[in-house]
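An overview of the molecular structure
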Amino acid sequence: MSYIATWADQKLNGNEIAKLKEDGLDVFKDLPELVKKPFSEIDPSYFMYFKYAGLTVQKPQTDGYFMMRIKIPGGRITVKQADHIAWIGEKYGHGIIDLTTRQAVQYHWIPFAELVDIFAGITNVGLTTVGAEGDITRNIVDNTLSGIDPDELFDTRQTVMDVYHRFQGNYDYSNLPRKFKISISSNVYNSADAQINDVAFTPATKRIGRHTVKGFNVYVGGGLGMKPYLAQQLNIFVTPDRVADVAEVICQVYRDYGYRRSRSKARLKFLVADWGAEQFEDKVRESLPDLQTKGRSKVKGWNSGNALGVHRQKQDGYYYVGVSVPSGRITADDFRALTDVARNYGRDEIRFDHCQNLIIPWIPEDKLAEVEALPIFERFSIHPHLLADYGNTCTGAEYCNLANAHTKTVFKPLIENLDKRFAFDTPINVTMTGCGSNCAHRSIADIGIEGVHARTPDRQHVEGYKLSVGGSLLGEGHFNEPLKGVFSKEQLADAVASILTDYQDNHVGTETFYDYYNRQGTDHFQETLNQFIETLPEVLK
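Residues numbered from 1 in each chain as written. Predicted model: local features only at pLDDT ≥ 70, side-chain atom pairs only at ≥ 80, totals over all residues. Heavy atoms only, no water.

1. Re the environment of His 478
Heads up, the condition is: Under the DSSP-based scheme used, a helix requires at least four consecutive residues in state H or I and a strand at least two consecutive residues in state E, with every element numbered from the N terminus. Contacts are assigned to residue pairs with any non-hydrogen atoms lying within 4.5 Å of each other.
Within the element layout of this structure, His 478 appears in the loop between β20 (461–469) and β21 (481–482). Considering only alpha carbons, one finds His 478 and Gln 195, 283 residues apart in sequence, at a separation of 9.7 Å. Beyond its immediate sequence surroundings of up to four residues, His 478 is in contact with Leu 230, Ser 443, Gly 470, Gly 471, Ser 472, Tyr 514 and Tyr 517.

2. Quick notes on the sheet that holds strand β5 (residues 105–111)
Formally: Strand pairing is assigned whenever DSSP identifies at least 2 bridges connecting the two strands. Working convention: axes come from line fits to C-alpha atoms, limited for helices to the stretch in contact. Angles between N-to-C directions cover 0 to 180 degrees.
Taken together, the five strands give an open sheet; going across it, the order is β1-β2-β5-β4-β14, and neighbouring strands pair in antiparallel fashion. Looking at which strands have only one partner, the edges of the open sheet turn out to be β1 (55–57) and β14 (329–331). Across the sheet, the mean angle separating the axes of adjacent strands is 30° when strand polarity is ignored. As paired elements, strand β4 (residues 96–99) and β14 share three bridges and run antiparallel to each other. Bridged to Ile 96 within β14 is Thr 331. Along the sheet, helix α4 (residues 79–91) makes contact with β2 (65–70), β4 and β5, crossing β5 at roughly 35°. Across the sheet, helix α5 (residues 115–124) lies against β1, β2 and β5, angled at about 15° from β2, the strand it touches most.

3. A closer look at the UniProt feature "domain: Nitrite/sulphite reductase 4Fe-4S" (unreviewed entry) in the chain
Rule in force here: UniProt positions are given in the numbering used here, feature names are shortened, and annotations may be inferred rather than shown by experiment.
The sites that UniProt annotates as "domain: Nitrite/sulphite reductase 4Fe-4S" (unreviewed entry) are residues 134–288 and 395–530. This span, residues 134–288, is 29% helix and 21% strand, and a straight line between its end C-alpha atoms measures 28 Å. Between the end C-alpha atoms of residues 395–530 there is a gap of 30 Å, over a span that is 36% helix and 18% strand.

4. Here's the deal with the pairing of strand β18 (residues 430–433)
The condition is simple: Burial here depends on accessible area, computed with a 1.4 Å probe over protein chains only, as a share of the maximum for the residue type. Under 20% is buried, over 50% is exposed, and the range in between is partly exposed. A clockwise path from the first strand over the helix to the second, with the strands pointing away from the viewer, defines a right-handed crossover.
The alternating pattern of β18 places Val 430 and Met 432 on one face and Thr 431 and Thr 433 on the opposite face, and all of these are buried. As defined by bridge partners, strand β17 (residues 392–393) adjoins β18 across two bridges and the pair is classed as parallel. Paired with Thr 393 across the strands is Met 432, a residue of β18. Read from β17 through helix α14 (residues 408–421) to β18, the crossover connection turns out left-handed. In this structure, β18 lies alongside strand β19 (residues 447–455), joined through four bridges in parallel fashion. From the neighbouring strand, Val 430 faces β19, where its bridge partner is Ile 447.

What follows is the structure, given as structure tokens:
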């Protein structure tokens, strides 16, 4: 560690006091001795250190099982790595693998006593859990199609790995106020959701001397959570070879000036909101005074970060296949079957997008019909057209200690119900999250569903759900607006259907849901929902 903890004499929360005594990355030094003990002997105050190893103690917290996340920079893995991911699911994860909204994978039911061996196996195939959770740089997200994308300004794969290696396992950046999320993409449709990351690099060009140079503009201070913020643009342009330097300096500023008194206000977004973009940029330029001013943005839309369907790559004669994984949950057997497609037809590569789906690139054109006819694609759509293809969920109350309500077990029948009743020409994103933490990106969905604590009229506690409408990252971005009304899981399908019916009956031509929301306004959707609520025999509070 080469920095000085200048915040050590401030008023700190309990986690910060503990981190001054032992760094989070030291969990890997502790584990060989820890696992010799029964889990019941582990002091709960130590649980936060497990997060640095990509682990969260699964509820009930007394049983010694974990949610484990593997860190996959840019969401790209080899077939050998995919085989091991499937094996972990079979051996430990009750046969299930969950895909995440940051191009990674996670499991439940990982046993405490076997952690050292599990980590050794992950390391052996070139993967890691280091920093997949905790107050540290998290998985770096990239354009899902980087290197094969007809809509990218240039290939960002090496840039992502440069940034990854700058931070990975680096004790200088392992004691941050909270998590730190980085987005890098040169896709012109904002495929890496720039505005909801702590720092984001977006495609731009800059006239420097006699040449037009390709690179990135820079955004800081985005994030979701209980209080979402859209990132603010700095007056900075950076070439790919200097992205790691800029990301490092921004992280240094956050480490040294970020808030450590209250964890609920410790994300970078709060510091940027208080300082403003100009002051924050001034602090960055103190370390990097020669940075260019911002360039001309090449972003011209938003594709929600998904890459579903069968599409041409920029390489002649090759296609990628974007596979819909509803709710992001897949059995290890099905994951193996998809891995076999990549093994037999692709080029030793599988990718994950930001919407909990899977991509198999490098399918030769002359093999495409054969691939499309494979039995696995009778169960997993590669021709998306359903609401189920565009929705995603968080873990929910099934395993999460924070969730107010179940998600994955509720979302699947909900979306199946709605898909039997509706068909739309343009995609609609319906997202479900189990609490206000926004892990499933509820705030940027067309229709967001959030789990809440609720009561029946006779004051019985039940799981409830509330709705929001109108989220998007088009342009500067817009978080969806909450609607009044709380619904039981039995009422939820009809509640969402009332909104979808209104859109179906009244949208004009190819008007997207977001365009329709902008035309009608939040009050219109509230009135639509009120009409449905009036039909209910029982209203939750």
